Amino acid sequence: MGILGGTFDPVHVGHLRAAIEMRDALDLAEVRLVPAHVPPHRPQPAASAEHRLALLRLAVRGVPGIRVDERELGRAGPSYTVDTLTELRAELGARPLCLLVGEDAFRGLPTWHRWQALFELAHVVVMQRPPMPNSPDLPAVLAKFVAGREAHSPSALAAAPAGLVWRQAIPPLDVSATRIRAVLRAGHSARFLMTDSCLRYIRGHHLYTD
């Protein structure tokens, strides 16, 4: 199972393609999109949890192996990933679990709540969009912690429940929720940046407008 968290404010084709690419590349039984209630590392979402959840459900309807997990929306306080993975590990037993993160999020792991415990609960899969720009080395504390944890192939992730790091290239797709919100605020079309069902919902509920 793969876990892809975020605010999804709103969900767009970049989120959906990443989930599908990871499902296929890693041969995952399913990828769960987990919307955060109170994101610890970014401003609060512009849309309510209710609307973001409704948009996610519309976006994944009919997509095999992609589903929405709303557990963080029912939890008070900051939406810490370690709490979500702890719950999932209790449900899954020894089934392999992959936390899917972008390159920037991976580099920032040492700022996450109980970040070292993440590796006890799941594999960490870093999604990379080629071509990758030259970037500084990982923070020293992170580089030291993940040394020796690198998987040699995606199949290694299926052989253990947690603890490994794998970097998976995915096709570049320059779409962001920030750009979509700006497009919608300007009264312009966001078609093909997100699903038509989500666009109809946004228009019907007058979301992301001044």
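Our subject is the structure that appears above.
Description of the structure in this document. (Residues numbered from 1 in each chain as written. Predicted model: local features only at pLDDT ≥ 70, side-chain atom pairs only at ≥ 80, totals over all residues. Heavy atoms only, no water.)

1. Description of the side chain of Gln168
By the secondary structure assignment, Gln168 is in strand β6 (residues 165-169). Among the residues examined, Gln168 registers a relative accessible area of 14% and is labelled buried. Ignoring anything within four residues of it in the chain, the contact list for Gln168 reads Met22, Ala25, Leu26, Val125, Val126, Met127, Gln128 and Pro154. (Helix = DSSP H or I, 4+ residues; strand = E, 2+ residues; numbered from the N terminus. Buried < 20%, exposed > 50% of the residue type's maximum accessible area, 1.4 Å probe, protein only. Contact = heavy atoms within 4.5 Å.)

2. Side note on the nonpolar core
Within soluble globular proteins, side chains that are nonpolar generally end up buried alongside one another. Counting 44 residues, the largest nonpolar core has Leu33 and Leu100 as the members making the most contacts within it. Secondary structure elements with two or more residues in this core: α1 (13-25), β2 (31-35), α2 (49-60), β3 (66-68), β4 (98-102), β5 (123-128), α7 (177-185) and α8 (196-205). The leading source of residues in this core is α2, at 6 residues. Beyond its immediate stretch of four places on either side in the chain, Leu100 contacts Gly2, Ile3, Leu4, Met22, Leu26, Val31, Val125 and Met127. Counting residues in each nonpolar core, the second largest holds 24 residues, with Val82, Leu99, Ala117 and Leu142 among its members. (Core = buried A, V, L, I, M, F, W, Y, C linked by side-chain atoms within 4.5 Å.)

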